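# Structural overview
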Amino acid sequence: MSTDKPPLRSRQWFDDAADPGMTALYLERYLNYGLTRRELQSGRPIIGIAQTGSDLTPCNRHHLELAQRVRDGIRDRGGIALEFPVHPLQETGKRPTAALDRNLAYLSLVEVLYGYPLDGVVLTTGCDKTTPACLMAAATVNLPAIVLSGGPMLDGHWRGRLAGSGSIIWEARQRHAAGEIGYDEFMEMAAASAPSTGHCNTMGTALSMNCLAEALGMSLPGCASIPAPYRERAQMAYATGQRIITLALENRRPSEIMTKPAFENAIVAASAIGASSNCPPHLIAIARHVGVDLSLADWQRVGRNVPLLVDCQPAGVWLGEAFHRAGGMPAVLAELLKAGLLHGDAPTVAGPTMAESLAQAPEPDRRVIRPVDNPLMSRAGFVVLSGNLFDAAIMKTSVIGDGFRRRYLATPGAENTVTLRAIVFEGPEDYHARINDPALGIDENCLLVIRNCGPVGYPGSAEVVNMLPPDRLVQAGITQLPTMGDGRQSGTSASPSILNVSPEAAVGGGLALLRTGDPIRIDLNADRVDLLVDEDEFARRRAEFLAPNLANQTPWQEIYRSLVGQLSSGGCLEPATAYLDVLAARGSPRHSH
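In this report, we go over the structure that sits alongside the text. In this text, all values refer to a predicted model and were calculated from it rather than measured experimentally.

## Things to note about the sheet that holds strand S3 (residues 120–125)
- Here we have four strands laid out as an open sheet, ordered S2-S1-S3-S4, and parallel in their pairing. Edge positions in the sheet fall to strand S2 (80–85) and strand S4 (145–149), since each of these pairs with one other strand and no more. For this sheet, the mean angle separating the axes of adjacent strands, direction not counted, is 25°.
- Taken together, the four bridges between strand S1 (residues 46–51) and S3 define a ladder with parallel strand orientation. Bridge pairing in S3 links Gly48 to Val121.
- Across the sheet, helix H10 (residues 231–249) touches S1, S3 and S4, and the angle it forms with S4 is around 175°.

Written out as structure tokens, the structure is:
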């Protein structure tokens, strides 16, 4: 905990007797909706509520109501709340992809936290990109901060069984391709998975990232899993509002919570819950902005051999309500702590260490949260791959099903290796146009490859790698082929794809040199993916490579493409990663007049 407790920075705006002219300018306009001079000059902490809820962000929309309970907690502990909007980030609404705007929301939030009279901030999170964007910004400014997640929707049901967000859409896509359902039933299946306010009720990116925020120590214990409509969600909002006052008065900053051990705890937790394949780039991005050295190598080193404990879709069968009732993240983290897999001395925003905060963790429902010695899968972390086509890619092993393993990874004497024929698509439009083209001769020995879908190529990196096989294969019962690409896939997908290939094709990565019909060898024993052509042919293709002409549709797309890094390093705006702890390192912002 910091021992340096400077005066609350909001006083530089509202109560600087040495500069009455500027104080008057700042003070008077904040009086025009009912705040009083006495309040603003009382020395009470001014707390921001970073509001990610809006009509454009339905997964977070209930934060508009939860904010009142946050305000109540802030007021009851002697603070003053100032609520402000965050750039909308809705995974299922933003085109071309919400990933494009994660860094835009980050930039705008940095400017708010740095340039306005705030002593601390409550980060309201939920939908996929809202959690990393908010944590990245809080890390950069290094202002006392705490995460209030919005919680998953209630469990969905379709025809008497659980209907999970995203997961049922991938199932409906297969049924539609097989001719089993029509358009209207497709839509009905999708609608069944969204019965209430809240974000995805599967262990997609939203629930995963909010669970990892808790594992990082940036949320109060139990915050991540509470379903959005439950009364406990509003109670957690109140408790979070109270806690940020203590953090602000103690000047307890994100850099003191989000340490290297905390990030290692989050990686371990990611494996144990079967977290989304989008978590590695997001967690690396947060770490880079707080100044912690974290890479994909850490995901392999720390998380590869961690068992899968949580039986939740898409890696399992249950949904968010069952996960919460089973004990949520406190129960999972307590299991990991008992097994010696966590840094128990890592600090948390709750005050005590991780180990101390888990002392009262509930005994889990073993149907949903397994013990370490009886997991769903013994080694469930992400595999980090490399080879002659790319420097880095990831595969989520917790979704490798028995059927996929038998077909591709169980050849006697060559277990965990397979050689496949590449079928290359230039993007999702090309995939949809040609996937059923009989001239491609796609069979079960093919690897579907999609390129030009990374941070620069798309732009923003798109969730398009989990490609469905041709309709005729789906109708024959082959609903899953190996897939690979320089984009991402939804965290709700159960496809064990090779994802986030870096460097991407658009900047000259090896996928740009790949041709349909090429043999690709995947070796999960050696963690390699290799194009099986001779060096001369590889060099000839490299010499012939021409960078694509990328057409920008908005000014932000051009700015983003010119500054963004690769997914393997977090997909950050590279110049922004040099701005660490700006409050301490860069000084106070200049006056406005």
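Resuming the write-up.
## Remarks on the pattern of salt bridges
- This model, assessed by the stated rule, comprises 31 salt bridges.
- Between Arg253 and Glu256 there is a salt bridge; the shortest N-O distance is 3.3 Å.
- Its salt-bridge partner being Arg451, residue Glu426 comes within 2.6 Å of it at the nearest N-O pair. Residue Glu426 is found in the loop between strand S9 (417–425) and helix H19 (428–434), and its partner Arg451 is found in the loop between strand S10 (446–450) and helix H20 (471–475); the two are separated by 25 residues along the sequence.

## Points about the nonpolar core
- The biggest cluster of nonpolar side chains holds 171 residues, and the ones touching the most others in it are Leu123, Phe263, Met329, Met484, Ile498 and Leu514.
- Excluding residues that lie within four positions of it along the chain, Met329 makes contacts with Cys211, Glu214, Ala215, Ala224, Ser225, Ala269, Ile273 and Phe323.
- Grouped together as the second largest cluster of nonpolar side chains are eight residues, Ala163, Ile168, Phe186 and Ala192 included.

## A short note on the packing of helix H9 (residues 205–215) against helix H13 (residues 279–290)
- Two elements in contact, H9 and H13, have axes whose closest approach is 11 Å; the angle formed by their N-to-C orientations is 35°. The two elements H9 and H13 meet at a crossing, and its hand is right-handed. Where H9 approaches H13, its residues Thr205, Ser208, Met209 and Leu212 are matched on the opposing element by Cys279, His282 and Ile286.
- A class-by-class count of the residues in the contact of H9 with H13 yields four nonpolar, three polar and no charged.

## Concerning the layout of surface pockets
- One number sums up the size of the second largest pocket: a volume of about 650 Å³.
- Looking at the second largest pocket, it is lined by 32 residues, and the ones nearest its centre are Pro314, Gln480, Ser493, Ala494 and Ser495.
- Residue assignment for the lining of the second largest pocket shows that the elements contributing at least two residues are strand S6 (161–163) and helix H7 (167–177).
- Among the elements that take part in the lining of the second largest pocket, H7 stands out by supplying six residues, more than any other.
- Of the residues assigned to the lining of the second largest pocket, the class counts are 16 nonpolar, 13 polar and three charged.

## Quick notes on the side chain of His62
- Considering the arrangement of structural elements, one finds His62 in the loop between S1 and helix H4 (63–76).
- His62 gets classed as buried once you look at its relative accessible area, which sits at 8%.

## As for the packing of aromatic side chains
- Scanning the model with the defined rule gives six aromatic pairs in all.
- Each ring, one from Trp299 and one from Phe382, has its centre 5.6 Å from the other, and the planes form 80°; the classification is edge-to-face. Of this pair, Trp299 sits in helix H14 (residues 296–303) while Phe382 sits in strand S7 (residues 382–385), placing them 83 residues apart in sequence.
- Exposure remark for Trp299: the relative accessible area of 1% places this residue in the buried category.
- The class for Phe382 is buried, based on a relative accessible area of 3%.

## Things to note about the side chain of Ser357
- Locating Ser357 in the fold gives a position in helix H17 (residues 354–357).
- A distance of 2.8 Å separates the side chain of Ser357 from the backbone oxygen of Met354, its partner in a polar contact.
- Ser357 has contacts with Pro221, Thr348 and Pro352, leaving out every residue within four places of it along the chain.

## Some thoughts on unusual backbone geometry
- Cis geometry marks the peptide bond from Gln313 to Pro314; its omega dihedral reads 10°.
- With a phi close to 75°, Ser461 is a non-glycine residue in the positive phi region.
- Residue position: Ser461 is located in the loop between S10 and H20.
- We note that Asp527 has phi near 55°; this positive angle belongs to a residue other than glycine.
- With respect to the secondary-structure elements, Asp527 resides in the loop between strand S13 (519–523) and strand S14 (528–531).
- Classification of Asp527 as buried rests on a relative accessible area of 18%.

Calculation criteria
Residues numbered from 1 in each chain as written. Predicted model: local features only at pLDDT ≥ 70, side-chain atom pairs only at ≥ 80, totals over all residues. Heavy atoms only, no water. Pairing = 2+ DSSP bridges. Helix = DSSP H or I, 4+ residues; strand = E, 2+ residues; numbered from the N terminus. Axes fitted to C-alpha atoms, helices over the stretch in contact; angles between N-to-C directions. Contact = heavy atoms within 4.5 Å. Salt bridge = Lys/Arg side-chain N within 4 Å of Asp/Glu carboxyl O. Core = buried A, V, L, I, M, F, W, Y, C linked by side-chain atoms within 4.5 Å. Buried < 20%, exposed > 50% of the residue type's maximum accessible area, 1.4 Å probe, protein only. Left-handed = near helix turned anticlockwise from the far one by under 90°. Nonpolar A, V, L, I, M, F, W, Y, C, P; charged D, E, K, R; others polar. 1 Å grid on protein atoms, 1.4 Å probe; cavity = no way out; pocket = protein on both sides within 12 Å on 5 of 7 lines; lining within 4 Å. Points joined across faces, edges and corners; volume = space filled by probe spheres on them. Phe/Tyr/Trp six-rings, centres within 6.5 Å; stacked < 30°, edge-to-face > 60°. Polar contact = N/O pair within 3.5 Å; in protein donor to acceptor, adjacent residues only side chain to side chain.

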